[in-house]
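A closer look at the structure
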Amino acid sequence: MKQYKVGVIGGTGMVGQRFITLLEQHPWFQLTAVAASARSAEKTYEEAVGSRWAMETPLPQEARNLVVLDAQADAEKMAEQVDFCFCAVDMNKEEIRALEERYAKLECPIVSNNSANRWTADVPMVVPEINADHIQIIEAQRRRLGTKRGFIAVKSNCSLQSYVPALHPLLKYGLDRALVCTYQAISGAGKTFERWPEMVDNCIPYIGGEEEKSEQEPLKLWGSIRDGEIVKATGPAITAQCFRVACLDGHMAAVFVKFQEGKKPSIEEIKADWAAFRGPAQELDLPSAPRQFLHYFEEPDRPQTRLDRGLEKGMAISLGRLREDSQYDYKFVGLSHNTLRGAAGGAVLLAELLCAKGYIEAD
């Protein structure tokens, strides 16, 4: 496989740090440049991050002495050095949209962890196992932007990974609606317990904008391309409630599902579908793809956050406690690693898909 020169925009934040660790020894991607805010510019990456390094593994040697660029002022310089960039910046949505489009127009493909462009009609929001075909919209986006190489692709909200992959194989049965309660780790807010002591021994029943994302973003993933736009699906209907809980990493979901009249599958059929489910990420044998995407635990007390969030290097989804419900048809529990599958790891997997399909080229 070709080798690609990669940049990380927003490299000093929590997700940016995760990108840095995932690029260490990646078989296709070589970290070449890092950009952040003006206050970090012209420092080495090690100096810019300082005591804020939040990963469990040491800061990679290849990143330590990279001189941090200004994400905005040095955009042209950044674009010239790389084949594509990951983006995980802490700015308001209008600024992010402008920044990502600027890089795309500089012919630098952007694979974004940010939410700002998720509802741009010609920007694919992709989970590679679920809707890899949506990357075809990139040609329409390039026509709009007037680019040959540049484009924006995004990954979905981190909490979706804990339940949408489990719902996806069930759509064929006529899944009518789902109720989802997510219990989301503090790293999803870019925090550690040292920096957010108020979260110790605490649970906050509100995460701004999260419930709307949890209810609407799956419909774009399940949507279709029509006339150069991605049109969201009309169902299944999802209602969500999202909590911030005192876990460092790992988003858990309690899920309740109802099927159309007469189409309810058996528990054995659901488990078999989960076990057999493979997507393009597995078929293409992408480096970051889990061999088994959906893992079901028969134990009544699994999955557990501390035990199972790291399954298959944090890129697999853990499921358990599938059983009948008194008001819905079934209920079950899902778990995903929010900064790996849910954030940086999911974006790296998306970038691998884009490279494998020829949308990102190496100079």
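Right above here is the structure, for reference.
In short, a report on the structure.

Reading the values: rules and limits
Residues numbered from 1 in each chain as written. Predicted model: local features only at pLDDT ≥ 70, side-chain atom pairs only at ≥ 80, totals over all residues. Heavy atoms only, no water. Pairing = 2+ DSSP bridges. Helix = DSSP H or I, 4+ residues; strand = E, 2+ residues; numbered from the N terminus. Contact = heavy atoms within 4.5 Å. Axes fitted to C-alpha atoms, helices over the stretch in contact; angles between N-to-C directions. Core = buried A, V, L, I, M, F, W, Y, C linked by side-chain atoms within 4.5 Å. Buried < 20%, exposed > 50% of the residue type's maximum accessible area, 1.4 Å probe, protein only. Polar contact = N/O pair within 3.5 Å; in protein donor to acceptor, adjacent residues only side chain to side chain. Parallel < 35°, antiparallel > 145°, perpendicular 65-115°, else oblique. Left-handed = near helix turned anticlockwise from the far one by under 90°. Salt bridge = Lys/Arg side-chain N within 4 Å of Asp/Glu carboxyl O.

1. Quick look at the sheet that holds strand β7 (residues 175–184)
Here 7 strands make up an open sheet; going across it, the order is β8-β11-β7-β12-β15-β14-β13 and the pairing mixed. The sheet terminates laterally at β8 (203–204) and β13 (294–297), the two strands that pair on one side only. The sheet strands contacting helix α9 (residues 210–221) are β7 and β11 (237–245), and the helix crosses β11 at an angle near 145°.

2. Side note on the pairing of β7
Where β7 meets strand β12 (residues 251–259), 8 bridges bridge the pair, whose relative direction is antiparallel. Looking at β12, one finds that C181 is bridged to A254. Relative to β11, β7 is paired through 8 bridges, and the arrangement is parallel. Residue pairing across strands places L179 opposite T239, the latter belonging to β11.

3. Some points on the sheet that holds strand β3 (residues 69–70)
Strand pairing in a sheet takes place through backbone hydrogen bonds and is either antiparallel or parallel in direction. A sheet is described by the order of its strands in space; here 6 strands give the open sequence β3-β2-β1-β4-β5-β6, paired in parallel fashion. Lying at the two open borders of the sheet, with one neighbouring strand each, are β3 and β6 (152–154). Relative to β6, strand β5 (residues 110–112) runs parallel, the two sharing 3 bridges. Bridge assignment links V111 to a residue of β6, and that residue is A153. Against the sheet, helix α1 (residues 14–23) engages β1 (4–9), β2 (29–36) and β4 (84–87), with an angle of about 160° to β1. Contacts from helix α5 (residues 93–105) reach β1, β4, β5 and β6 within the one sheet, and its direction differs from that of β5 by about 155°.

4. Considering the nonpolar core
Ranked by internal contacts, the top residues of the largest apolar core, which has 55 residues, are I9, L167, V257, W274 and F332. When near neighbours in sequence (up to four residues on either side) are disregarded, V257 contacts L167, L175, R177, A178, Y328, D329, Y330 and F332. With 48 residues, the next largest nonpolar core counts V15, L31, L353 and Y359 among its residues.

5. Considering the side chain of S156
Along the polypeptide, S156 turns up in the loop between β6 and α8 (164–167). On the accessibility criterion, S156 (0% relative accessible area) is buried. In terms of polar contacts, S156 uses its side chain to reach the side chain of Q161, at 2.9 Å. In this view, S156 contacts R118, M125, V127, Q161, E217, L221 and G342; residues no more than four positions away in its chain are not counted.

6. Examining the packing of α1 against helix α14 (residues 340–356)
Axis separation between α1 and α14 bottoms out at 10 Å; the angle between their running directions is 50°. Compared by their axis directions, α1 and α14 come out oblique. Crossing of α1 against α14: the hand is right-handed. Facing α1, whose interface residues are V15, R18, F19 and L22, α14 presents L340, A343, A344, G345, A347 and V348.

7. Thoughts on the pattern of salt bridges
Following the criterion strictly, the structure yields 15 salt bridges and no others. Ionic pairing is found between R142 and E139, a salt bridge with its closest N-O pair at 3.2 Å. Here R142 and its partner E139 are both found in helix α7 (residues 138–145), 3 residues apart, which amounts to about one turn of the helix. Exposure remark for R142: the relative accessible area of 9% places this residue in the buried category.

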